[in-house]
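One letter stands for each residue in the lines below.
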Amino acid sequence: PRRHAHALPDDATLLLMPAWRARRQLGVKLVTVTPSNCERALPTVHALYVLSDTDSGMTLAINDGEILTLRRTAAVSALASRSLSRPDSRCLLMVGTGRLAPEMVVAHCASRPIERVIVWGRSEHKAQEAIERIRQAGLPDHVSVNTNRSLAAACADANIICCATTSTEPLLHAEWIRPGTHIVLVGGFKPNMREADDALMRSAALFVDTLEGALAEAGDLVQPIQRSLLQPSDIRADLTALARATHDGRQSADQVTLFKSVGCALADLAAAGMVQQSVAGDAV
């Protein structure tokens, strides 16, 4: 099922994400993305998830869509990382200081033997706040967390780079990335958004969560494809192929890999179903 996007005033966006499984469950996530909320000291994203029975249409649960989205996004990224990052990855760079940052860091620390986390944000104050939230999120005791004001220097140190921003200009540049790095782009969800420059998109081995969603919505792909710098065929595989091991993922220790995720309604439905099963199990 496709995601429906509607433009709201002040560059805000309403997203509707439906998905269903025959004879089982259906769900709809309602999301508002309001970039100007940073001026109100409010989260950029607000979301609600409604889970229903497919046959009867009866509502089964109403969930906090934001935390569902944060955790499924981090889980999907970490799942892809198992195939795309080097098994010996020990330094993680988190670009972005929003509410997704702690979830991304914790998930990747569970997936790889991370020992050092670097946080970069345009605001040093927000970067320090993000560090505190990351430390409170349940990191292993041996993992250190600090900031680096130089994004280029931080990229040079990192084995895995996670980028979760609403930037419309590239933040990551090809010349900053060392061989063997794995890059995760999860912030840009509209064609006008960019987190990586054209040179990086052309030089990295490209993977996506879903082909349909990424080719329609990911500015990091849409823009260079429109200028004939990339072709859709340059995308090597989607998450399904990686999870089913029908594609091997990383091909060499020196290869730079890049996973672009714009979100998938089926992942939301799966996450909501797991929450419902957990609640039902606790009730029993």
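Residues numbered from 1 in each chain as written. Predicted model: local features only at pLDDT ≥ 70, side-chain atom pairs only at ≥ 80, totals over all residues. Heavy atoms only, no water.

Details of the sheet that holds strand β9 (residues 160-163)
- Strand order in the open sheet formed by 8 strands is β8-β7-β6-β9-β10-β13-β11-β12, with parallel pairing between adjacent strands. Each having just a single partner strand, β8 (144-147) and β12 (235-238) make up the two edges of the open sheet. Geometrically, the sheet is characterised by an average inter-axis angle of 20° between neighbouring strands, direction not taken into account.
- Sheet topology note: the strand β7 (residues 116-120)/β8 ladder contains 4 bridges and is parallel. Across the sheet, Ile118 pairs through a bridge with Asn146, a residue of β8. (Pairing = 2+ DSSP bridges. Helix = DSSP H or I, 4+ residues; strand = E, 2+ residues; numbered from the N terminus. Axes fitted to C-alpha atoms, helices over the stretch in contact; angles between N-to-C directions.)

Looking at the nonpolar core
- One finds Met94, Met104, Val105, Val117, Val119 and Phe259 to be the most contacted residues of the largest nonpolar core, which totals 36 residues.
- For this core, the elements supplying multiple residues, two or more each, are α1 (65-84), β6 (91-95), α2 (100-111), β7, α3 (124-135), β9, β11 (205-208) and α8 (239-243).
- Apart from residues no more than four positions distant in its own chain, Val117 is found in contact with Leu92, Val105, Cys109, Val143, Ser144, Val145 and Asn146.
- Trp120, Leu151, Ile183 and Leu206 belong to the second largest nonpolar core, which has 30 residues in total. (Core = buried A, V, L, I, M, F, W, Y, C linked by side-chain atoms within 4.5 Å. Buried < 20%, exposed > 50% of the residue type's maximum accessible area, 1.4 Å probe, protein only. Contact = heavy atoms within 4.5 Å.)

Observations regarding the pattern of salt bridges
- Using the criterion set out here, one finds 14 salt bridges in the structure.
- The partner of Asp55 in a salt bridge is Arg23, with the nearest N and O atoms 3.5 Å apart. Taken as a pair, Asp55 in the loop between β4 (45-53) and β5 (59-64) and Arg23 in the loop between β2 (12-20) and β3 (25-33) lie far apart in primary sequence, 32 residues in all.
- Residue classification places Asp55 among the partly exposed positions, given a relative accessible area of 47%.
- The shortest N-O distance in the salt bridge between Asp157 and Arg116 comes to 3.6 Å. In this pair, Asp157 sits in helix α4 (residues 151-157) while Arg116 sits in strand β7, placing the two residues 41 residues apart along the sequence.
- Here Asp157 falls in the partly exposed class, since its relative accessible area comes to 31%.
- A cluster of three or more residues bridged by salt bridges with shared partners is formed by Arg194, Asp198, Asp220 and Arg227. (Salt bridge = Lys/Arg side-chain N within 4 Å of Asp/Glu carboxyl O.)

Brief notes about the environment of Val143
- Residue placement: Val143 occurs in the loop between α3 and β8.
- Residue classification places Val143 among the buried residues on the basis of a relative accessible area of 10%.
- C-alpha separation for the pair Val143 and Arg133, spaced 10 residues apart in sequence, amounts to 14 Å.
- Leave out the neighbours within four places in its chain, and Val143 touches Cys109, Ile114, Glu115, Arg116 and Val117.

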